[in-house]
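Structural overview for review
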Amino acid sequence: YDRLVILGRCSATERVASFLLQMLERSRGGSRIALGMSRTDIADYLGLTTETVSRTFTQLRAAGAIKLLDPQHLVVVDQDLLQDYAEHDCSSESWGAGSRFPGKSVAAMPAAAVA
């Protein structure tokens, strides 16, 4: 059910952030994630294009949420920020009270927020 909600109601940024948080939960502790999937595989899994996944990874990196080590490994630098982008159920009603950036994509973040 969660995956259907993510695919049906979330933006690309929310989908990728949710995916990374799920991968983080499955990792063996720490903040390093071994993806084990290509960008194309991730795109297929999330219902996105490869270009959108790559662009979103770059935006999350620029925002300071993740650090890309190589194509298969990354580090979650700011889990709270990544969580803000993920929006558990991707409904506009639940996005707001606890979020630092209600309803915003990474691309729409103010410069001070991504610095």
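Residues numbered from 1 in each chain as written. Predicted model: local features only at pLDDT ≥ 70, side-chain atom pairs only at ≥ 80, totals over all residues. Heavy atoms only, no water.

1. Considerations on the pairing of strand E3 (residues 73-76)
As defined by bridge partners, strand E1 (residues 32-34) adjoins E3 across 3 bridges and the pair is classed as antiparallel. The partner of Ala34 across the bridge, within E3, is His73. Relative to E3, strand E2 (residues 66-70) runs antiparallel, the two being bridged by 4 bridges. Considered in E3, the bridge of Leu68 is made with Leu74. (Pairing = 2+ DSSP bridges. Helix = DSSP H or I, 4+ residues; strand = E, 2+ residues; numbered from the N terminus.)

2. Here's the deal with the confidence of the model for the protein chain
The predicted coordinates ought not to be read in detail in places where the model reports low pLDDT. Averaged over every residue, the pLDDT of the protein chain is 78; the share at 70 or more is 69%. A low-confidence stretch, residues 91-115 (pLDDT under 50), is modelled with 33 contacts involving residues beyond four sequence positions or located in other chains. (pLDDT = per-residue confidence, 0-100. Contact = heavy atoms within 4.5 Å.)

3. Here's the deal with the sheet that holds E3
Whenever strands of a sheet pair, they do so through backbone hydrogen bonds, lying parallel or antiparallel. In spatial order, the strands read E1-E3-E2; together these 3 strands make up an open sheet with antiparallel pairing. Edge positions in the open sheet fall to E1 and E2, since each of these has one partner strand only. Between one strand axis and the next, the sheet turns through 25° on average, direction left out of account. The sheet strands contacting helix H2 (residues 12-26) are E1, E2 and E3, and the helix crosses E1 at an angle near 95°. (Axes fitted to C-alpha atoms, helices over the stretch in contact; angles between N-to-C directions.)

4. Points about the packing of H2 against helix H4 (residues 50-63)
Their axes nearest at 10 Å, the elements H2 and H4 cross at an angle of 75°. In terms of axis orientation, H2 runs roughly perpendicular to H4. Counted together, Ala12, Thr13, Val16 and Leu20 of H2 and Thr52, Thr56, Phe57, Gln59 and Leu60 of H4 form the full contact between these two elements. When its residues are assigned to classes, the contact of H2 with H4 shows 5 nonpolar, 4 polar and no charged. (Parallel < 35°, antiparallel > 145°, perpendicular 65-115°, else oblique. Nonpolar A, V, L, I, M, F, W, Y, C, P; charged D, E, K, R; others polar.)

5. Overview of H2
With 15 residues, H2 ought to run about 21 Å at 1.5 Å a step, and its terminal C-alpha atoms sit 21 Å apart, in line with that. With 11 of 15 residues buried, H2 lies mostly within the body of the structure. Within H2 the residues assigned to the buried category are Thr13, Glu14, Arg15, Val16, Ala17, Ser18, Phe19, Leu20, Leu21, Met23 and Leu24. (Expected span 1.5 Å × (residues − 1). Buried < 20%, exposed > 50% of the residue type's maximum accessible area, 1.4 Å probe, protein only.)

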